[in-house]
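Structure at a glance
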Amino acid sequence: MEEFKYLIPEESTDAASLDATKLRSIESQLRSLFQSHGYEELMLPTFEYANLYQEIRNDNEESMFEFVNGEGKLITLRADFTVPIARLYNNAHTSATRRYSYFGKVYRIQERHKGRSSELYQGGMELLGKGGYEGDAECLALVEASMKSIGITNPKLELGHAKFFHRLETLVQDDRLRYILDKKANSRMKSFVEEKGFTGSLKELLLKLPYSFGDIEDLKKMKDIIDDDILLEAIDEMIAMYDISTMKEDMVFDLCMVPTQNYYTGIMIKGYSYYSAYAILSGGRYDKLLSYFDKEVPAIGFSYHLNTLLEALSKEDEAND
Ligand SMILES: N[C@@H](Cc1c[nH]c[nH+]1)C(=O)O
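The residue numbering used here restarts from 1 in each chain and proceeds along that chain's sequence as written. This being a predicted model, a pLDDT of at least 70 is required before a residue's local features are given, and a value of 80 or more before pairs of side-chain atoms are given or counted; all residues contribute to the totals for chains, interfaces and linings. In computing side-chain properties, one takes all heavy atoms of the structure into account and sets aside hydrogens as well as water.

1. Things to note about unusual backbone geometry
Here the phi dihedral of Asn58 falls at roughly 65°; this positive angle occurs in a residue that is not glycine. Mapped onto the secondary structure, Asn58 falls in the loop between α2 (50–57) and β3 (66–68). Of note in the backbone geometry, Gln173 takes a positive phi value of approximately 55° without being a glycine. For Gln173, the location among the structural elements is in the loop between α5 (162–172) and α6 (176–183). Secondary structure is summarised from DSSP: a helix means a run of H or I of at least four residues, a strand means a run of E of at least two, and numbering begins at the N terminus for each.

Take a look at the structure:
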């Protein structure tokens, strides 16, 4: 043991250097914002059955910390807040609108040597029982109000749509699509389209997608080359969000956005600071997650990734010194 005496495991690297004062101050700003909008704060358990995340998030022993408990059951450290909150809502036997917020850690095994912590501090909200435009608008308003209250300079909001992504998957029927979109790999896309022999408007759309990332005008132009109703509906939902946004200048649209959670079914939102390559917040609509339990209830939410946010804020401070 002697050689480990002064060391911490790779899994805890940046969790050990979090600035607690700054973290608590951001947390209290978010807490009062969520409270003032009627979001009830929850404290959720740290241990869950591994099965829950396996079935919903497709997690496995490479992505979760797993243990066998005293009952001989496979349990894990909480890997996500949205899933246990959906269960809690289900167990409350209601279909009414409920607003929840939370602060705490999620634990996810990261790829080795990437320097990313496995202990991720999140703060977020979930709006259950409110579907469609109304729910999307409430969530977006809180994303924007919270970014403003934290005082992120040069913020960026990226909007994507899970329905758009899943519809493309259905039209294309090839698992390689996910990688190509995620990387916006334009030459891979070209050879892929040729190999698959796509023609007509699908071919034109696929070839344009890697270059489609842009502002509202770029998004609207994409509508001219699309003739699929589901894809068009998804774009219209994104345009509706732009119309009510108070951050229009800072909003960009990414039709190549791949869902970071496989429970996303609609609008997806990512927030960035100029000083971070990773998203400082992410979220989305998840209208099918409750049906894993016993309910058909629409929902949407987002979480701040506070480790990433703190790092971005400290880089910003350094740059301004
Ligand atoms: N749970 C998601 C964020 C989210 C909250 N609500 C909806 N999405 C994540 O960890 O990335």
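2. Side note on the UniProt feature "binding site: L-histidine" (unreviewed entry) in the chain
UniProt positions are given in the numbering used here, feature names are shortened, and annotations may be inferred rather than shown by experiment. The positions that UniProt labels "binding site: L-histidine" (unreviewed entry) are, in the present scheme, Asp80, Phe81, Thr82, Arg108, Gln122, Glu126, Tyr263 and Tyr264. Along the chain, the position of Asp80 falls in the loop between β4 (74–77) and α3 (82–91). Contacts described as polar in this section are N or O atom pairs within 3.5 Å, which, within protein, must combine one atom able to donate a hydrogen with one able to accept it, while residues neighboring in sequence count only if both atoms come from side chains. Of the polar contacts made by the side chain of Asp80, one reaches the backbone nitrogen of Thr82; its length is 3.0 Å. Mapped onto the fold, Tyr263 is located in the loop between β8 (251–253) and β9 (267–272). At a separation of 3.3 Å, a polar atom in the side chain of Tyr263 contacts the side chain of Thr82.

3. Considerations on the packing of helix α1 (residues 20–36) against helix α4 (residues 132–150)
Pairs of packed helices are described in terms of their axes, by the angle between the two and the distance that separates them. Structural elements are reduced to axes, namely lines fitted to C-alpha atoms, with helices fitted over the stretch in contact, and the angle between N-to-C directions of any two is expressed from 0 to 180 degrees. Following both chains from N to C, one finds α1 and α4 inclined at 145°, their axes separated by 10 Å at the closest point. Handedness of the α1/α4 crossing: right-handed. Within the contact between the two elements, α1 uses Ile26, Gln29, Leu30, Leu33 and Phe34 and α4 uses Leu142, Ala145, Ser146, Ser149 and Ile150. Crossing handedness: left-handed means the near helix sits turned counterclockwise from the far one by under a right angle, and right-handed means the same turn made clockwise. Contacts are assigned to residue pairs that have any heavy atoms within 4.5 Å of one another.

4. Details of the environment of Glu316
If you trace the backbone, Glu316 turns up in helix α12 (residues 306–320). The buried label goes to any residue with under 20% of its type's maximum accessible area, the exposed label to any with over 50%, and the partly exposed label to all in between, with areas taken from a 1.4 Å probe on protein chains only. The class for Glu316 is buried, based on a relative accessible area of 8%. Glu316 sits 32 residues away from Gly284 along the chain, and the two C-alpha atoms are 27 Å apart.

5. Thoughts on the site of the ligand
The nearness test applies per residue and asks whether one of its heavy atoms lies within 4 Å of the molecule or strand. Neighbouring the ligand are 17 residues; Asp80, Thr82, Arg108, Glu126 and Tyr264 lie closest to it. A distance of 3.0 Å separates an oxygen atom of the ligand from a polar atom in the side chain of Gln261. Phe302 places a main-chain nitrogen or oxygen 3.4 Å from a nitrogen atom of the ligand. Here, Shrake-Rupley sampling with a 1.4 Å probe gives the accessible areas, and only protein chains in the shown set may cover a residue. The protein chains hide 99% of the 300 Å² of surface that the ligand would expose on its own. When residues of the shell around the ligand are traced back to their parent elements, those giving at least two are β6 (119–128), β10 (281–285) and β11 (299–305). Broken down by element, the shell around the ligand gets its largest block of residues, 4 residues, from β11. Residue type decides the class: Asp, Glu, Lys and Arg count as charged, Ala, Val, Leu, Ile, Met, Phe, Trp, Tyr, Cys and Pro as nonpolar, and the leftover types, Gly among them, as polar. Residues belonging to the shell around the ligand are distributed by class as follows: 5 nonpolar, 9 polar and 3 charged.

6. Quick look at helix α9 (residues 216–223)
Side chains that are three or four residues apart share a direction in an α-helix, a result of its 3.6 residues per turn. Of the positions making up α9, those classed as buried are Ile216, Leu219 and Met222. Looking straight down α9, one finds its buried side chains confined to an arc of 115°; they lie on one side. Buried positions along α9 lie against α8 (200–208), α10 (229–244) and β8. Of the residues flanking the start of α9, the one acting as N-cap is Asp215, its side-chain oxygen 3.1 Å from the backbone nitrogen of Glu217. As used here, the arc is the angular range of directions from the helix axis to the C-beta atoms.

7. Some remarks on the nonpolar core
Judged by nonpolar contacts, the single largest core of 64 residues is most densely connected at Leu206, Leu209 and Tyr304. Setting aside residues no more than four positions away along its own chain, Leu209 makes contact with Phe164, Leu168, Leu181, Met222, Leu255 and Cys256. Counting residues in each nonpolar core, the second largest holds 29 residues, with Leu120, Ala162, Met268 and Leu290 among its members. Take the buried residues of types Ala, Val, Leu, Ile, Met, Phe, Trp, Tyr and Cys, join any two whose side-chain atoms come within 4.5 Å, and each joined set is a nonpolar core.

8. Observations concerning the packing of aromatic side chains
Note on aromatic pairs: each is described by the distance of the centres and the angle between the planes. Pairing of aromatic rings covers Phe, Tyr and Trp, the last through its six-membered ring, and needs centres within 6.5 Å; plane angles under 30 degrees mean stacked, over 60 mean edge-to-face, and all others mean tilted. The tally for this structure, following the rule as stated, stands at 12 aromatic pairs. Arranged with centres 5.9 Å apart and planes meeting at 70°, the rings of Phe302 and Tyr304 form a pair that is edge-to-face. Residue Phe302 is classed as buried on the basis of its relative accessible area of 1%. Among the aromatic residues, those joined into a ring-pair cluster are Phe34, Tyr39, Phe103, Phe302 and Tyr304. As a reminder, the over-ring test applies to NZ of lysine and CZ of arginine, requiring each to be within 6 Å of the ring centre and within 35 degrees of the ring normal. The cationic tip of Arg31 hangs over the ring face of Phe103; the distance from NZ or CZ to the ring centre is 4.6 Å. Positioned above the aromatic ring of Tyr242, the side-chain terminus of Lys248 is 5.4 Å from the ring centre.

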